Amino acid sequence: MPSRAVDTPIGTLGLVGSDGGLSRVRWSANGLPDESCAVLDDAADQLDAYFAGELIEFDLPLDLDGTEFQQQCWLALATIPYGQTVSYGEQARRLGLGPDAARAVGAANGQNPLPLVLPCHRVIGADGSLTGFGGGLHLKRFLLEHEGALLPLG
């Protein structure tokens, strides 16, 4: 699988792809060989535009590997508009599930292989708290502030 590093304001991310599309955004590029391809170059360009404030929605072919439920949850993340947040319960409701499914949705989001591209940072606790994020809550806060969904602290 081709892979490449991309420098961003939140660090050097590792992009992994396949013939089918982008398959993973890693929080680090450590250990990834630099074997770029067109989809990874496009993903890097779109990430640059996102962090420059010029892109609010990614448009990339995706190669997702997960259960049907996980993929449903992950693809639903792309429907949360830039600069907005929803709770895990709201995401479950949008998927046609009951409120008891919020934890299952949260668990699926926790396995999201494409953070940023499928914006799991836009899902927050029912009380508005920032909860669970693979890159750390400081990055979740940064991304939500970047999108205008949160006011910067102090």
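Preceding block: the structure.
What counts as what
Residues numbered from 1 in each chain as written. Predicted model: local features only at pLDDT ≥ 70, side-chain atom pairs only at ≥ 80, totals over all residues. Heavy atoms only, no water. Helix = DSSP H or I, 4+ residues; strand = E, 2+ residues; numbered from the N terminus. Rg over C-alpha atoms; globule rule 2.2 N^0.38 Å. 1 Å grid on protein atoms, 1.4 Å probe; cavity = no way out; pocket = protein on both sides within 12 Å on 5 of 7 lines; lining within 4 Å. Points joined across faces, edges and corners; volume = space filled by probe spheres on them. Pairing = 2+ DSSP bridges. Axes fitted to C-alpha atoms, helices over the stretch in contact; angles between N-to-C directions. Contact = heavy atoms within 4.5 Å.

Asker: Which residues make up the overall build of the protein chain, and what are the values?
Answerer: Scanning the protein chain from terminus to terminus reveals five helices and five strands. Ordered by position from the N terminus, the helices and strands of the protein chain form the series β-β-β-α-α-β-α-α-β-α. Its C-alpha atoms give the protein chain a radius of gyration of 15 Å, near enough to 15 Å, the size a compact globule of 154 residues would have. In terms of its C-alpha atoms, the protein chain occupies a principal-axis envelope of roughly 45 × 40 × 25 Å.

Asker: Mind laying out empty space enclosed by the protein, listing which residues take part and the relevant values?
Answerer: For the structure shown, the criterion picks out one cavity of 30 Å³ or more. By volume, the largest cavity amounts to about 30 Å³. Forming the walls of the largest cavity are A76, L77, T79, I80, V86, Q91 and R94. When residues of the lining of the largest cavity are traced back to their parent elements, those giving at least two are α2 (68-77) and α3 (88-94).

Asker: Give a description of the sheet that holds strand β2 (residues 11-18) that names residues and reports values.
Answerer: Through backbone hydrogen bonds, the strands of a sheet pair up, either in parallel or in antiparallel fashion. With antiparallel pairing, the three strands of this open sheet are ordered in space as β1-β2-β3. Bordering the open sheet on either side are β1 (3-8) and β3 (21-26), each of which pairs with just one other strand. Mean inter-strand twist for the sheet, computed between neighbouring axes without regard to direction, equals 30°. Helix α1 (residues 38-51) rests against β1, β2 and β3 of the sheet, and its axis sits at about 10° to β1.

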